[in-house]
Amino acid sequence: LVVSSPARQAGGIVDVLLRSDFEVEIAAALPADLARLDLHRWAAIVLHVRTTDLALEATIAALRRAAPVLAVVVYGVERAECRSRVPSTSGAQAFVTDRDMSAGQVPRIMRDAIARARCQAAESAPARLARDVLAAIADGVLSADRLGRVTYLNAVAATLTGWALDDAVGRRVEEVLVIIDERTRLRVPDLLGRAMREDRRVEPQPGAVLLNRHGHEYFVDQVAAPIRDGGGHVVGAVGTFRDVGKQRMAARHLAHRAQHDVLTDLPNRALLAERANNAIVLARRHGRMVALLYVDLDGFKCINDTYGHWVGDQLLVSTAQRMVDGVRASDTVSRQGGDEFVILLSEVDCVEDAVGSARKLLANLAPAHRLGRRHLSSSASIGISVYPAHGTTFAALLSQADAAMYAAKRAGGNTFRLADEGRHTMYLARTEAHDE
């Protein structure tokens, strides 16, 4: 059966088939319900690519379901035209072009297509099931022969690698499946080849990135295993790989949430403690100092009670941003809870550096905050502790800075105090005399 509209488009192939002793019928279209046709009357059906209102890919799929033994052949002027309209995975048994007719190849192509359709229809049920499963699963599947040449890849693998099945078959696995290490950006050795050499299931280290033929990158989990024949000899390998980009993003988001304050997105107590302990280790090794600034906003409860929690939350967010803007990238601003913040100065040469940071912080917090239609002012009380003078552990430094902050509160707020109150008084006297 030759399907072509208008019919004259298929005149050439009809003539060739008739001269080759094929019985030919011509139809302008196929009914929407293929059950109305006795498809088993024909050994093959030829679809012209330019047939009006014919959805080729959907039609081929419907024909394959309705009559698996029927050979489906696509006819066009050029092979490129056929492939542009009908993908290689559509289920068509063959393509026929005008060049094939000129070369006298049409009878052979038709007979091969009919034989191929009958062989495929005669496949065992388990084989058909395996083929359908490979086509439907969400993982990419790629197989190779003993020489490392691609023999198969399913639709997901084609999408991830950027290689169509017809283009990939026969190429080296290393050309089609390019995997690099996320951290080093170096190429990861071919996993399928390793599975064949070691005759066992193998998995790469985490952080595998698949480089798509078109330049796209996918984070993937990959597994490869050898394929054995009936005698147990390795004849190839199969690899599966899954795009885990969304899972990685979700995991990173959860990890971030576990270490950061929900309102301000600042590091929380746990992350501050980790960074402070690391800073103390480095300071001890290199003979440096580390400082903690314990910051508590003055009068925050009154603002919260007067204007409501929304305004209070916005004030905390604005304050947090000013603190971050006022320190170095190597320092850490963290929120302890409520209106309390702790700043880790990871590298200071002397106490004066910490005091200078506290002065700068008070100046940054002085201007009024614009919160919606309101302009609110807020100051802070700051307590300072320095490693190793005020403690050699994070817990000790935090306790000393907290106590110094309360000393600043008792002094009226909008000021700072060192953990050693006496030394702080002497320091103030010395700096005030210097200013005069």
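What counts and how
- Residues numbered from 1 in each chain as written.
- Predicted model: local features only at pLDDT ≥ 70, side-chain atom pairs only at ≥ 80, totals over all residues.
- Heavy atoms only, no water.
- Salt bridge = Lys/Arg side-chain N within 4 Å of Asp/Glu carboxyl O.
- Buried < 20%, exposed > 50% of the residue type's maximum accessible area, 1.4 Å probe, protein only.
- Helix = DSSP H or I, 4+ residues; strand = E, 2+ residues; numbered from the N terminus.
- Phe/Tyr/Trp six-rings, centres within 6.5 Å; stacked < 30°, edge-to-face > 60°.
- Lys NZ or Arg CZ within 6 Å of the ring centre and 35° of its normal.
- Pairing = 2+ DSSP bridges.
- Contact = heavy atoms within 4.5 Å.
- Axes fitted to C-alpha atoms, helices over the stretch in contact; angles between N-to-C directions.
- Core = buried A, V, L, I, M, F, W, Y, C linked by side-chain atoms within 4.5 Å.
- Parallel < 35°, antiparallel > 145°, perpendicular 65-115°, else oblique.
- Nonpolar A, V, L, I, M, F, W, Y, C, P; charged D, E, K, R; others polar.

(A) Highlighting the pattern of salt bridges. For the structure on display, the rule yields 17 salt bridges. Arginine 201 is the salt-bridge partner of glutamate 203, the closest N and O atoms lying 3.2 Å from each other. By relative accessible area, which is 46% here, glutamate 203 ends up partly exposed. In this structure, lysine 409 and aspartate 298 form a salt bridge, with 2.9 Å as the shortest nitrogen-oxygen distance. Pair noted here: lysine 409 is in helix H16 (residues 394–410) and aspartate 298 is in the loop between strand S12 (289–297) and helix H13 (300–307), with a separation of 111 residues, a long-range link. What makes aspartate 298 buried here is its relative accessible area of 14%.

(B) Region of interest: the packing of aromatic side chains. Taken as a whole, this structure holds 0 aromatic pairs when the rule is applied. Note that arginine 213 overlies the ring of tryptophan 163, its terminal NZ or CZ placed 3.7 Å from the centroid.

(C) Here's a closer look at the sheet that holds strand S2 (residues 26–27). Pairing is parallel in the open sheet, where 5 strands are placed in the order S2-S1-S3-S4-S5. Looking along the sheet, the strands with just one partner apiece sit at the ends: S2 and strand S5 (94–97). Two elements, strand S1 (residues 2–3) and strand S3 (residues 44–48), share 2 bridges in a ladder whose sense is parallel. Within S3, the position partnered with valine 3 by the bridge is leucine 47. Running at roughly 165° to S5, helix H5 (residues 106–121) makes contact with S3, strand S4 (71–76) and S5 of the sheet.

(D) Highlighting the nonpolar core. Counting residues in each nonpolar core, the largest one holds 32 residues, and the members touching the most others are Val295, Met323, Phe341, Ile343, Ile382 and Ile384. Elements represented by at least two residues in this core include exactly S12, H13, helix H14 (309–325), strand S14 (340–348), helix H15 (351–365), strand S17 (380–387) and strand S18 (415–418). With 7 residues, H15 is the single largest residue contributor to this core. Setting aside anything within four residues of it in sequence, one finds isoleucine 343 in contact with Ala291, Leu292, Leu293, Val295, Met323, Val327, Thr332, Val333 and Leu361. Grouped together as the second largest cluster of nonpolar side chains are 24 residues, Val173, Leu177, Met196 and Leu210 included.

(E) Broad picture of unusual backbone geometry. The step from tyrosine 387 to proline 388 runs through a cis peptide bond, and the omega angle for that step is 5°. Tracing the backbone shows proline 388 in the loop between S17 and H16. Here the phi dihedral of aspartate 21 falls at roughly 70°; this positive angle occurs in a residue that is not glycine. Among the structural elements, aspartate 21 can be located in the loop between helix H1 (11–19) and S2. By relative accessible area, aspartate 21 is classed as exposed at 73%.

(F) Inspection of the packing of H1 against H5 at higher detail. Remark: H1 packs on H5, axes separated minimally by 10 Å, with the N-to-C direction vectors making an angle of 80°. When the axes of H1 and H5 are compared, the pair comes out roughly perpendicular. Facing Ile13, Val16 and Leu17 of H1, the residues of H5 in contact are Val106, Pro107 and Met110. Looking at the contact of H1 with H5, its residues break down into 6 nonpolar, no polar and no charged.

(G) Local environment of the sheet that holds strand S8 (residues 178–181). Across the sheet, which stays open at both edges, the 6 strands sit in the order S7-S6-S11-S10-S9-S8 with antiparallel pairing between neighbours. Of all strands in the sheet, those bounded by a partner on one side alone are strand S7 (150–153) and S8. Taken over all neighbouring pairs, the strand axes of this sheet differ in orientation by 35° on average, direction set aside. Here strand S6 (residues 140–145) pairs with strand S11 (residues 234–243) via 6 bridges, running antiparallel. Each residue of the ladder has a partner; that of leucine 142, found in S11, is glycine 239. Most of the contacts of helix H10 (residues 191–198) go to strand S10 (residues 217–228), to which it runs at about 25°, and overall it touches S6, S10 and S11.

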